[in-house]
Amino acid sequence: MPDRVEPALAELKAHPPKGDQWSWELKWDGYRLAVHIEPQGVRILTRRGHDWTHRFPDIAEAARALGPATMIIDGEAVVLDDEGRPDFGLLQQSLGASGKSAGNRASDAILYAFDLIYLDGHDLRGVEYRSRRHLLEDTLSGSTGDVNGAIRLSETINADPVVLLENVCRLGLEGIVGKNLDQPYRSGRTGDWVKVKCVQSEAFLIVGYEPSTASPGGFGSLVLAAYRGHDIVHVGSVGTGFKQAEMDRLRKTLDQLRWKRKQPPVSFAEKADIVWVEPTLIAEIEFRAWTGDGKLRHASYKGLRERQDNADVYRLD
C-alpha cells in the first residue's frame, strides 16, 4: 500500500472538451484530501502530504466505518452553506486556517469522494477510470456513502457539459470537472482530468494593504502578488468579499508582518499609500479576468489558504 500518492490534478480549460469518453461532476470548493484506511488505522493526508486526521474527526470516523477493507479514497473536504452549496470561507472559518489557530478541527466538514486509488492489496492507479469509479461506487454503496454521511459519493452527471456548466454557474457553484473514462490514475496535470470554472479562483500572496479612513482597524484593499519565475510581481488589489470580523483579524495579523526594508517587496507604480508586509499570507481570490497590463479584474476575497499546506501560488506565464 503506498504511503502517499501524489494527486491527479485537473487542467483548466475555457470550454468543456467534446466526446463521450468524458465523465462529468461538480467541482468542489474545498481542500483536496486522500483518506488512507490501513490495518493500523485511518490517515487523512492533504495534497502536500500533511497528516490532518485530527482536523477532520467526522470524516475519520466515517472512514473507520468502511473497514476492515484497506483503501485510499481521493476526494475533497467541503463545508456546505444553508442552501447546500460548498463554501470555502465557511471551511476556513471551521478550520481556523491561519496563524496560531491552525490546529482547529472542521467537525462539520464532508468529504465528497471521487476516486479510489487502492483497494484491499490492489494498487488501482494502472486501472482505467471507469473501473475505478465502479469500485468506488460499490465501496460507498452502504450507509457511509449516503447523502447524510461525512463521506459522500461525488455524483457523476449524465448531461451535455455545456448545458451542465450553464446550470451550475446559475446556481452559484464553482464549475465542473471532466475525467477521461479510459485513462489510468496519473499524478499531476496530465490532461486526463479537466476543469471548467464559472469564475476564476486562484491563490495569491498578500504583500500589503491600503489603510481605510472609514475603518481604522481594517483596510481599504489588499495588495496581491504572483510568481514570475523566482520573483513576485504585483497583480492588483482586492477590496471586496470581506466580513468585518475577518477584516479586523486579518489587519492585526498583517501589522505583525510589516515589511522592514526600504524597497517594497514588489515593484509598484500606483500612487497609493500602501503598508507593505512580508509575503507570507496566501489568499484565495475569485476574479473575472485579467486586464491588459496583467492585473486582476473584479477580484473578490474568498479566504486564507493554510500556510502549512497552501495551494500553489499563481504563476504567471
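Above this note sits the structure.
The rules behind these values
Residues numbered from 1 in each chain as written. Predicted model: local features only at pLDDT ≥ 70, side-chain atom pairs only at ≥ 80, totals over all residues. Heavy atoms only, no water. Helix = DSSP H or I, 4+ residues; strand = E, 2+ residues; numbered from the N terminus. Rg over C-alpha atoms; globule rule 2.2 N^0.38 Å. Buried < 20%, exposed > 50% of the residue type's maximum accessible area, 1.4 Å probe, protein only. Contact = heavy atoms within 4.5 Å. Areas by Shrake-Rupley, 256 points an atom, 1.4 Å probe, with all protein chains shown as cover. Core = buried A, V, L, I, M, F, W, Y, C linked by side-chain atoms within 4.5 Å. 1 Å grid on protein atoms, 1.4 Å probe; cavity = no way out; pocket = protein on both sides within 12 Å on 5 of 7 lines; lining within 4 Å. Points joined across faces, edges and corners; volume = space filled by probe spheres on them. Nonpolar A, V, L, I, M, F, W, Y, C, P; charged D, E, K, R; others polar. Arc of directions from axis to C-beta. Salt bridge = Lys/Arg side-chain N within 4 Å of Asp/Glu carboxyl O.

Caption draft 1: Main features of the overall build of the protein chain. Tallying secondary structure elements over the protein chain gives five helices and 18 strands in all. At 20 Å, the protein chain has a C-alpha radius of gyration in line with the 20 Å of a compact globule built from 317 residues. With the principal axes as the frame, the protein chain shows a C-alpha extent of 60 × 40 × 40 Å. A burial count over the protein chain gives 52% of its 317 residues as buried. Relative to all contacts within the protein chain whose residues are 6 or more apart in sequence, the contacts with residues 24 or more apart total 67%. Taken as a whole, the protein chain presents about 15300 Å² of accessible surface, with 47% of it coming from carbon and sulfur.

Caption draft 2: Spatial organisation of the nonpolar core. Ranked by internal contacts, the top residues of the largest apolar core, which has 31 residues, are V35, F56, I59, I73 and I151. Listed by contribution, the elements that provide at least two residues to this core are β3 (31–38), β4 (41–46), α1 (57–64), β5 (71–78), α2 (88–95), β6 (110–119) and β8 (151–153). Excluding anything up to four places from it in sequence, V35 contacts V42, R43, I44, I59, A63, M71, I72, I73 and L111. Formed by 26 residues, the second largest nonpolar core is a distinct cluster that contains Y209, V233, F287 and A299.

Caption draft 3: Representation of empty space enclosed by the protein in the model. Counting across every chain of the model gives one cavity of 30 Å³ or more. When its volume is computed, the largest cavity comes out at roughly 90 Å³. Lining the largest cavity are 13 residues, with V5, P7, L33, A34 and T46 sitting closest to its centre. Element by element, the count of residues in the lining of the largest cavity is highest for β3, at four residues. Residue composition of the lining of the largest cavity, by class: seven nonpolar, two polar and four charged.

Caption draft 4: Just α1, in detail. Taken together, the buried positions of α1 are I59, A60, A62 and A63. Looking straight down α1, one finds that the buried residues subtend no more than 165 degrees of arc, so they occupy a single side. Opposite its buried face, α1 presents the exposed residues E61 and R64, each directed more than 90 degrees away. Where the residues of α1 are buried, they touch β3, β4, β5, β6 and β8.

Caption draft 5: Seen up close, the pattern of salt bridges. The tally for this structure, following the rule as stated, stands at 20 salt bridges. D29 is paired through a salt bridge with K302; the nearest N and O atoms lie 2.9 Å apart. Separated by 273 residues along the polypeptide, D29 in the loop between β2 (22–26) and β3 and K302 in strand β18 (residues 300–304) bring together distant segments of the chain. One exposure class covers both D29 and K302, and it is buried. Because the salt bridges share partners, they merge into one network encompassing D3, E38 and R43.

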